[in-house]
Amino acid sequence: MPTSRSYGDACTIARALDVVGERWALLVVRELLLGPQRFSDVRRALPGASSNLVTDRLRELERHGVVTRRQLPPPAASTVYELTGWGRELEPVVLALGAWGTRIPLPRPASLGVTSVLLFLRGAARPRGTACLRVELDARVWTVRTEPGRLTVEPGEPDAPDATIRTDPPTLNALLDRPSWLEKAVDGGRVTIEGDRDAVRRLLSERET
């Protein structure tokens, strides 16, 4: 059930938590940071949350003006959720919370989602050249574009990518930490690359250390 609980505290921190402090709410926001998503995409990214709970969080965030819904034009003709302008202002808050959480031990067992890895890639990348890559993670496709000093990520198929890389989030995360493992991962079948392999190497290695 959606909740309308409030701290009843005039402090702006408490008022913000009235909007995004419910369990899973900020993780829903996290999943929308890279662009519009269908309900099924958000639900799949949060395996620990039931469909009803994800529905409730989306409804609450929409009611508060953090999230909005829109219908994609044909042929897609599906409904997607995306952050409003006010909702996007949560991005530095969510990323700062992630940076703060790096010193907290990993839970066991721990999963690693697509969005988390791509947000890390976007934040740490320091590309020196221009490229367009098709990144397929767990059967979802993302467009990754680089230009000197900037990397962008958005959902969906790119036009004429320089390379395609197919893998899973844990493997991509490991390769961002150890780019030299790329050939071993390819040989072991954990990564598939089509097109310009050097563009993939640059994607993995040109980042802040």
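Calculation rules
Note on numbering: residues in each chain are counted from 1, in written sequence order. Reporting in this predicted model follows two pLDDT cut-offs: at least 70 for local features of residues, and 80 or more for side-chain atom pairs to be given and counted; totals over whole chains, interfaces and linings ignore these cut-offs and use all residues. Only hydrogens and water are removed before side-chain values are computed, so all heavy atoms of the structure are retained for them. For helices the rule is a DSSP run of H or I covering at least 4 residues; for strands it is a run of E covering at least 2, with both sets numbered from the N terminus onward. Atoms considered for the radius of gyration are the C-alpha atoms alone. The globule rule reads 2.2 Å times the number of residues to the power 0.38. Burial here depends on accessible area, computed with a 1.4 Å probe over protein chains only, as a share of the maximum for the residue type. Under 20% is buried, over 50% is exposed, and the range in between is partly exposed. Whether two residues are in contact is decided by their heavy atoms, any of which lying within 4.5 Å being enough. In short, Shrake-Rupley with a 1.4 Å probe defines the accessible areas, and a residue's cover is counted only from the protein chains shown. When charges are counted, Lys and Arg are positive and Asp and Glu negative, with His and the chain ends excluded. By convention, the point assigned to a charge is CZ for Arg, NZ for Lys, CD for Glu and CG for Asp. UniProt positions are given in the numbering used here, feature names are shortened, and annotations may be inferred rather than shown by experiment. An axis is simply a line fitted to the C-alpha atoms; with a helix, the fit covers only the stretch in contact. Between two such axes, the angle follows the N-to-C directions and lies from 0 to 180 degrees. Angular relationships are summarised with four words: roughly parallel below 35 degrees, roughly antiparallel beyond 145, roughly perpendicular across 65 to 115, and oblique for the angles in between. Ten residues, namely Ala, Val, Leu, Ile, Met, Phe, Trp, Tyr, Cys and Pro, are considered nonpolar, four, namely Asp, Glu, Lys and Arg, are considered charged, and the remaining ones, Gly among them, are considered polar. Summarising the geometry, the arc corresponds to the directions from the helix axis toward the C-beta atoms. Counted as a polar contact is a pair of N or O atoms within 3.5 Å, where, for protein atoms, one must be capable of donating a hydrogen and the other of accepting one, and residues adjacent in sequence contribute only when both atoms are in side chains. Whether two strands pair depends on DSSP finding at least two bridges between them.

1. A look at the overall build of the protein
Inference 1: Helix and strand content of the protein: 10 helices and seven strands.
Inference 2: A compact globule built from 209 residues should have a C-alpha radius of gyration of about 17 Å, and the protein, at 18 Å, falls within 12% of that.
Inference 3: Here the protein, with 209 residues, has 40% of them falling under the buried criterion.
Inference 4: Here the analysis covers contacts within the protein between residues at least 6 apart in sequence; of these, 57% occur between residues at least 24 apart.
Inference 5: Of the roughly 12000 Å² that the protein leaves accessible, carbon and sulfur atoms contribute 53%.
Inference 6: One finds the centroid of the 30 positive side-chain charges in the protein at a distance of 4 Å from the centroid of its 27 negative side-chain charges.

2. Quick word on the UniProt feature "domain: HTH hxlR-type" (unreviewed entry) in the protein
Inference 1: The positions UniProt marks with the feature "domain: HTH hxlR-type" (unreviewed entry) are residues 11–109.
Inference 2: Annotation note: span residues 11–109, helix share 52%, strand share 10%, distance between end C-alpha atoms 37 Å.

3. What to know about the packing of helix 2 (residues 25–32) against helix 4 (residues 51–63)
Inference 1: Running from N to C, helix 2 and helix 4 point in directions that differ by 80 degrees, and their axes come no closer than 10 Å. With respect to helix 4, the element helix 2 is oriented roughly perpendicular. Only Arg-57, Leu-58 and Leu-61 of helix 4 make contact with helix 2, whose side of the interface consists of Ala-25, Val-28 and Val-29.
Inference 2: When grouped by side-chain class, the residues that make up the contact of helix 2 with helix 4 number five nonpolar, no polar and one charged.

4. Re helix 10 (residues 197–205)
Since one α-helical turn is 3.6 residues long, residues separated by three or four positions face the same way.
Inference 1: Those residues of helix 10 not exposed but buried are Ala-199, Val-200, Leu-203 and Leu-204. Around the axis of helix 10, the buried residues are gathered within 135 degrees of arc, so they sit on the same side.
Inference 2: The backbone nitrogen of Asp-198 lies 3.0 Å from a side-chain oxygen of the residue at the head of helix 10, namely Asp-196.

5. Thoughts on unusual backbone geometry
Inference 1: In this structure, Trp-24 takes a positive phi of about 80 degrees despite not being glycine.
Inference 2: For Trp-24, the position within the fold is in the loop between helix 1 (12–20) and helix 2.
Inference 3: Despite not being glycine, Asp-138 shows a phi value in the positive range, around 50 degrees.
Inference 4: Secondary-structure assignment places Asp-138 in the loop between strand 3 (131–137) and strand 4 (140–147).

6. Focus: the sheet that holds strand 4
Sheet strands pair via backbone hydrogen bonds, and the direction of the pair is either parallel or antiparallel.
Inference 1: Reading across from one edge, 5-4-3-6-7 is the order of the five strands in this open sheet, with mixed pairing throughout. Two strands in the sheet have a free side with no partner beyond their single neighbour: strand 5 (150–155) and strand 7 (192–195). Averaged over all neighbouring strand pairs, the angle between strand axes comes to 20 degrees, with direction disregarded.
Inference 2: Examined bridge by bridge, strand 3 and strand 6 (residues 163–167) share five bridges and lie parallel to one another. Counted as the bridge partner of Leu-133 is Ala-163 from strand 6.
Inference 3: Packed onto the sheet, helix 7 (residues 114–124) meets strand 3, strand 4 and strand 5 and runs at close to 160 degrees relative to strand 5.

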